[in-house]
Amino acid sequence: MNDFLSKEIHSLAKQIKKGEISLVQLVKSTIDRIKKTDPTLNAYITVNEDKALKDANEMEKEIKQGNYKGPLHGIPIGIKDNIFTKGIKTTMGSEIYRNFSPKENAFVINRLIKAGAIIIGKNNTHQFAFGPTGDRSHVGPAHNPYNIKKMTGGSSGGSAAAVSAYLCFGALGTDTGGSVRVPASFCGIVGMKPTFGSISNRGVYPLSWSLDHVGPLTRSVIDNALLLNEMVAYDREDPKSIRRKKEDYTRLLGKDMKGKIIGIPTAYYYEDIDEEIQSAIKNVIHTFEMLGAEIRQIKLSISERSLEAQRIILRTEAYTVHENNLKEYPDLWDEEVKERLQTGLLTKGFEFARALQNRELAKKEFNEALDDCDILLTPTMSILPPDIGSRDVTITNRYGNHIRSTITKLTSPTNLNGFPSLTVPCGFSKDSLPIGVQLIGKEFDEATLYQFGFALEQEISQEINKKRHSIMLSL
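All figures in this text were calculated on a predicted structure; none of them were measured in a lab. (Residues numbered from 1 in each chain as written. Predicted model: local features only at pLDDT ≥ 70, side-chain atom pairs only at ≥ 80, totals over all residues. Heavy atoms only, no water.)

Student: Hey, could you run me through the environment of K86 in this one?
Tutor: Note on placement: K86 falls in the loop between β2 (76-80) and α4 (107-114). Residue classification places K86 among the exposed positions, given a relative accessible area of 51%. For K86, the contacting residues outside a window of four places in its chain are P102, K103, E104 and N105. (Helix = DSSP H or I, 4+ residues; strand = E, 2+ residues; numbered from the N terminus. Buried < 20%, exposed > 50% of the residue type's maximum accessible area, 1.4 Å probe, protein only. Contact = heavy atoms within 4.5 Å.)

What follows is the structure in structure tokens.
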């Protein structure tokens, strides 16, 4: 494996700008790595080999002509297979769309192309992005690079596995109940779910119109911020897109923690957590204290009504999206996904109306909690990556928790209220499975989340990167 495949975007970009790395060779090496490793991981559904090589050649010429576009220029990026890419198959992880090629790019894809990124391929996804386990796709499950018997998490599991295993340098995923942060945590990388409305969803196959978020997955915090810089833009054709002043999400990186306040919720987020995860999070809190941050206990009630609101909105909107396909293609579904979609028929109108009202109450609760601190700190996951195909889990000696509700327990609250949430690797279990910490911020305050994530990363990334590199070289 070429050494530059393990590099991060920000350092690779410096060499690309100077002409020290051939973009054609960079893409060739990435494709060679995919061909060697992906039969084991199943992180890609489609590899964009010919077009990527052609684009690399054009990108290289532009640099020689003095037209360097920025830190994403010539960088191979993976795209979750529910985000439309013109002329490249986009299957949604479903037999129904196995030969579908969009006629237009998603808005966010055009943003990346404008920044010079090279689309290296389409990443495996849980069918129609409707599942946090990542193991229900028409091409089979994606496999966790740290242990191929384990789940990547979903639904952006292929994107997370590809980034972690050096099969691309960054990737896009979508997050409706945690589907960027779950696989990022399980695969030991950085994942951001930005504020709802900050990134256009136009050209992304919907799961839930009011809960869906597009987000970046990378191996480092600075790379994540660089991707978000290019992804955020107002889209007048997306009714949920919010116009904001252009900002640089890297601007607070390196600022110290003195005087900063971290809120630790006193309930919900720290209940029924795997002991190894608890230990890792305690170390994170201690690290921030050593860096000068104040740790403050915060009262934040995650009520059953808000959890039920997220479930009602998701299943109702998902059924509405898929109603026609369920009728026209009744036999082309994963049965688990189909059964889950059909629960949307059970929702009554007054229940949906009440769920919308409860979402506003949940948003108010988070705003009040964040009045007393800069960010909230929680585990990203309550469990370590389970075996592929498993559906019941044991937490703190209690067996029988269904895996879907367990996996999304700590991530789904901010899908409901739309607040930004960042997961950063913070350690490993005794069996070398990744553990992530979740940082939750105020609306449109992603830069502060990156500031905290970067500060933590600077303290602990050497050990994490060393372990990742050792494991990924063995694939």
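Student: Could you clarify how one ought to interpret the sheet that holds strand β13 (residues 434-440) in this entry?
Tutor: Two pairing modes exist for strands in a sheet, parallel and antiparallel, and in both the strands are linked by backbone hydrogen bonds. Spatial ordering of the open sheet is given by β1-β3-β2-β4-β6-β5-β12-β13-β9-β7-β8, a layout of 11 strands whose pairing is mixed. Across the chains shown, the open sheet's two edge strands, defined by having one partner strand only, are β1 (44-47) and β8 (294-298). Taken over all neighbouring pairs, the strand axes of this sheet differ in orientation by 30° on average, direction set aside. Across 2 bridges, strand β5 (residues 190-193) lies against strand β6 (residues 213-218) in antiparallel orientation. (Pairing = 2+ DSSP bridges. Axes fitted to C-alpha atoms, helices over the stretch in contact; angles between N-to-C directions.)

Student: What exactly am I supposed to notice about the packing of helix α7 (residues 221-231) against helix α14 (residues 446-473) here?
Tutor: Across the interface, α7 lies against α14 with an axial gap of 9 Å and an inter-helix angle of 160°. Judged by the inter-axis angle, α7 sits roughly antiparallel to α14. Across the interface between the two elements, V221, I222, N224, A225 and L228 from α7 touch E446, Y450, G453, F454 and E457 from α14. The residue makeup of the contact of α7 with α14, split by class, is 6 nonpolar, 2 polar and 2 charged. (Parallel < 35°, antiparallel > 145°, perpendicular 65-115°, else oblique. Nonpolar A, V, L, I, M, F, W, Y, C, P; charged D, E, K, R; others polar.)

Student: Sorry if this is basic, but what is going on with the side chain of D223 here?
Tutor: Mapped onto the elements, D223 comes out in helix α7. Comment: no salt bridge for buried D223; closest opposite-charge side chain is R219, at 6.3 Å. Residues contacting D223, with those up to four places away along its chain left out, are E8, I9, H10 and T218. (Lys, Arg positive; Asp, Glu negative; His and termini not counted. Salt bridge = Lys/Arg side-chain N within 4 Å of Asp/Glu carboxyl O.)

Student: Can you help me understand the pattern of salt bridges in this one?
Tutor: Pairs may arise between side chains of opposite charge once their charged atoms sit close together. Counted by the stated rule, this structure contains 24 salt bridges. Between K122 and D81 there is a salt bridge; the shortest N-O distance is 3.3 Å. Of this pair, K122 sits in strand β3 (residues 118-123) while D81 sits in the loop between β2 and α4; the two residues are 41 residues apart in sequence, bridging distant segments of the chain. With relative accessibility at 0%, the residue K122 sits in the buried group.

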